[in-house]
Amino acid sequence: MKTNKTKLIAIFAFLGLMLTSCSDDDNAQPTPDNTITGIASKASDLTLLVKALKKADLAATLQGAGPFTVFAPTDQAFINANLTADAIDNYPAADIPKLRQILLNHVVNGSVQSSGLTNNTYIKTLAVGSASTTNKLDMYVNTTSGVRLNGVASVITTTAGGTFNIIATNGVIHKVDAIIGLPTVVTHAAANPNFSTLAQLLTDQSLIPTLNGTASSPFTVFAPLNSAFDTATLNLYTSLNSAKKTAVLQYHVVAGANVLSNAIPTGPITTFESGTFTVSGTVITDEQARQTNIVLTDVQCANGVIHAVNKVLLPNSVP
């Protein structure tokens with residue numbers, strides 16, 4: 001009898017431990033998700049971003065180890081781009097790969113707080129365009145007045161105290177006021193104030209639609225900096241008729257190729273103008289035997305690549 005009583009006591013004790021353990025499990029709090037996706041999911045003004053990330057199968061990616069820097073468009077930014085909740089829910093299946101690249105164009109490897117964003121620099125996003133699948137798209141950073149990205153979106157404060165950084169366990173979030181589309185050659189020419197003269201001349205000669213599109217792309221553009229347009233060059237250019245002005249600008253473009261700096265051929269290169277120039281190292285010799293230096297390389301756009309030059313190239317068609 002004593003033995004049976006001892007067994008009963010042992011059984012009740014075991015059941016008590018089990019019940020206590022179950023009670024502890026029931027009261028246990030789930031580990032909070034403080035990853036980029038987790039924080040965005042709890043933000044009242046990032047609901048459309050989270051919906052788009054799920055649609056493009058990127059939500060899990062931004063829960064990964066990272067670290068990532070995400071420039072997160074607010075709900076208003078999505079609405080301004082006509083990407084409402086219904087539009088995202090009904091996004092055409094065939095267009096989801098492009099949506100995925102647009103979202104990746106808001107993501108940079110590494111954890112970069114706003115104070116670490118440097119003026120007049122390019123940073124690589126995780127997106128690719130149609131011109132190259134190996135060279136990631138560039139994002140131009142301008143911090144002269146706040147933080148401006150590709151000339152189309154600004155980083156906005158998240159609190160009344162002016163905080164720009166939302167720290168996650170796998171990186172940092174910066175809210176932005178617009179969706180940053182995949183940049184074309186024109187996007188980067190317009191965003192970087194060092195190309196403002198070139199951008200204006202392209203506009204004047206109605207070349208923006210061409211370089212903004214894909215009909216003759218990809219493009220390799222040897223883009224003159226503002227400093228390349230010295231007084232003598234500007235005087236010469238101004239004296240030309242419209243057709244020859246267009247010829248000068250087209251002479252800086254190679255159509256049908258996305259040529260990175262490590263693959264520029266040394267022989268004659270045929271331009272969009274139909275003339276040629278040669279490249280040796282970082283020096284370009286045009287048809288008038290003028291030499292120009294390549295001073296910035298491999299700014300990747302969705303429809304081509306830009307290399308900056310410090311002098312204007314002239315074809316033989318220009319006197």
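One can find the structure itself at the top, above this paragraph.
Residues numbered from 1 in each chain as written. Predicted model: local features only at pLDDT ≥ 70, side-chain atom pairs only at ≥ 80, totals over all residues. Heavy atoms only, no water.

Asker: Help me understand the packing of helix 3 (residues 47-55) against helix 6 (residues 96-104), please; the structure alone is not making it clear to me.
Answerer: How two helices sit against one another is set out by the angle between their axes and by the gap between those axes. In the contact formed by helix 3 and helix 6, the axes pass within 9 Å of each other and the chain directions differ by 130°. Regarding the angle of helix 3 to helix 6, the classification is oblique. Crossing geometry of helix 3 relative to helix 6 is assigned as left-handed. The segment helix 3 lies against helix 6, with L49, A52, L53 and K55 engaging I96, L99 and L103. Taken together, the residues of the contact of helix 3 with helix 6 break down into 6 nonpolar, no polar and 1 charged. (Axes fitted to C-alpha atoms, helices over the stretch in contact; angles between N-to-C directions. Helix = DSSP H or I, 4+ residues; strand = E, 2+ residues; numbered from the N terminus. Parallel < 35°, antiparallel > 145°, perpendicular 65-115°, else oblique. Left-handed = near helix turned anticlockwise from the far one by under 90°. Contact = heavy atoms within 4.5 Å. Nonpolar A, V, L, I, M, F, W, Y, C, P; charged D, E, K, R; others polar.)

Asker: What am I meant to see in the packing of aromatic side chains here?
Answerer: Think of a pair of aromatic rings as described by two things: how far the centres are apart, and how the planes are tilted against each other in angle. Per the stated rule, a full pass over the model turns up 4 aromatic pairs. Arranged with centres 5.3 Å apart and planes meeting at 85°, the rings of F222 and F277 form a pair that is edge-to-face. Of the two residues, F222 sits in strand 9 (residues 219-224) while F277 sits in strand 12 (residues 276-280), which places them 55 residues apart along the sequence. For the pair shown, F222 and F277 are each scored as buried. Through successive ring pairs, a cluster of aromatic residues spans F222, Y251 and F277. (Phe/Tyr/Trp six-rings, centres within 6.5 Å; stacked < 30°, edge-to-face > 60°. Buried < 20%, exposed > 50% of the residue type's maximum accessible area, 1.4 Å probe, protein only.)

Asker: I tried to follow the pairing of strand 15 (residues 304-309) on my own but got confused; where do I start?
Answerer: Of all 6 residues in strand 15, 6 are buried, a share of seventy percent or more. The alternating pattern of strand 15 places G304, I306 and A308 on one face and V305, H307 and V309 on the opposite face, and all of these are buried. In terms of strand pairing, strand 9 meets strand 15 through 6 bridges, oriented parallel. From the neighbouring strand, F222 faces strand 15, where its bridge partner is H307. (Pairing = 2+ DSSP bridges.)

Asker: Just to check I follow, could you spell out the pattern of salt bridges for this structure?
Answerer: Note that side chains of opposite charge can pair when their charged atoms are close. In total, this model carries 4 salt bridges according to the counting rule given. The partner of K51 in a salt bridge is D89, and the shortest N-O contact between them spans 3.1 Å. Here K51, found in helix 3, pairs with D89, found in helix 5 (residues 85-89); they are 38 residues apart in sequence, far enough to count as distant. Across the pair R290 and D286 runs a salt bridge, and its minimum N-O distance is 3.5 Å. Using a relative accessible area of 28% as the deciding quantity, one classes R290 as partly exposed. (Salt bridge = Lys/Arg side-chain N within 4 Å of Asp/Glu carboxyl O.)

Asker: In this structure, what is going on with the sheet that holds strand 9? I would like to understand it.
Answerer: Across a sheet, strands are paired by hydrogen bonds formed along the backbone, either parallel or antiparallel in direction. The mixed open sheet is built from 7 strands, whose spatial order is 10-9-15-14-13-12-11. What marks the edges here is a single partner per strand, and that holds for strand 10 (253-255) and strand 11 (269-270). Of the pairings in the sheet, the one linking strand 9 to strand 10 comprises 3 bridges and is antiparallel in character. Across the sheet, residue F219 finds its bridge partner in strand 10, namely A255.

Asker: Sorry if this is basic, but what is going on with the nonpolar core here?
Answerer: If you look at soluble globular proteins, the nonpolar side chains tend to sit buried side by side. Core analysis: the biggest nonpolar cluster contains 32 residues, and F78 and L103 have the highest contact counts within it. Mapped onto this core, the elements with two or more residues apiece are helix 2 (36-42), helix 3, strand 1 (68-73), helix 6 and strand 7 (166-168). With 5 residues, helix 3 is the single largest residue contributor to this core. When residues no more than four places from it in sequence are discounted, the contact partners of F78 are L48, L49, A52, P73, L83, I88, L103 and I179. Formed by 26 residues, the second largest nonpolar core is a distinct cluster that contains F195, L207, C301 and V312. (Core = buried A, V, L, I, M, F, W, Y, C linked by side-chain atoms within 4.5 Å.)

Asker: How do you make sense of the sheet that holds strand 6 (residues 153-154) when you look at a structure like this?
Answerer: As summarised here, the arrangement of the 4 strands in space is 3-4-5-6, forming an open sheet in which the pairing is antiparallel. Each edge of the open sheet is held by one strand with a lone partner, namely strand 3 (121-124) and strand 6. For strand 3 and strand 4 (residues 138-142), the ladder comprises 4 bridges, and the chain directions are antiparallel. Of the residues in strand 4, the one forming a bridge with T121 is V141.

Asker: What am I meant to see in unusual backbone geometry here?
Answerer: The phi angle of most residues is negative, glycine excepted, and most peptide bonds adopt the trans form. Looking along the chain, the bond that leaves G66 and enters P67 is cis, with omega of 0°. One can find P67 in the loop between helix 3 and strand 1. P218 follows S217 through a cis peptide bond whose omega is 0°. The phi dihedral of A289 falls on the positive side, at around 65°, and the residue is not glycine. Exposure remark for A289: the relative accessible area of 60% places this residue in the exposed category. Located in the positive-phi region is D298, a residue other than glycine, with phi close to 60°. One can find D298 in strand 14 (residues 291-301).

Asker: Looking at this model, I keep getting lost on helix 3. Mind explaining?
Answerer: The periodicity of an α-helix, 3.6 residues per turn, causes residues three or four positions apart to be oriented the same way. Listing the buried residues of helix 3 in full gives L48, L49, V50, A52 and L53. Where helix 3 is buried, its residues touch helix 2, strand 1, helix 4 (75-80), helix 5 and helix 6. Downstream of helix 3 by one or two residues, D57 has phi in the positive range, about 60°.

By themselves, these observations are geometric and do not establish any function.
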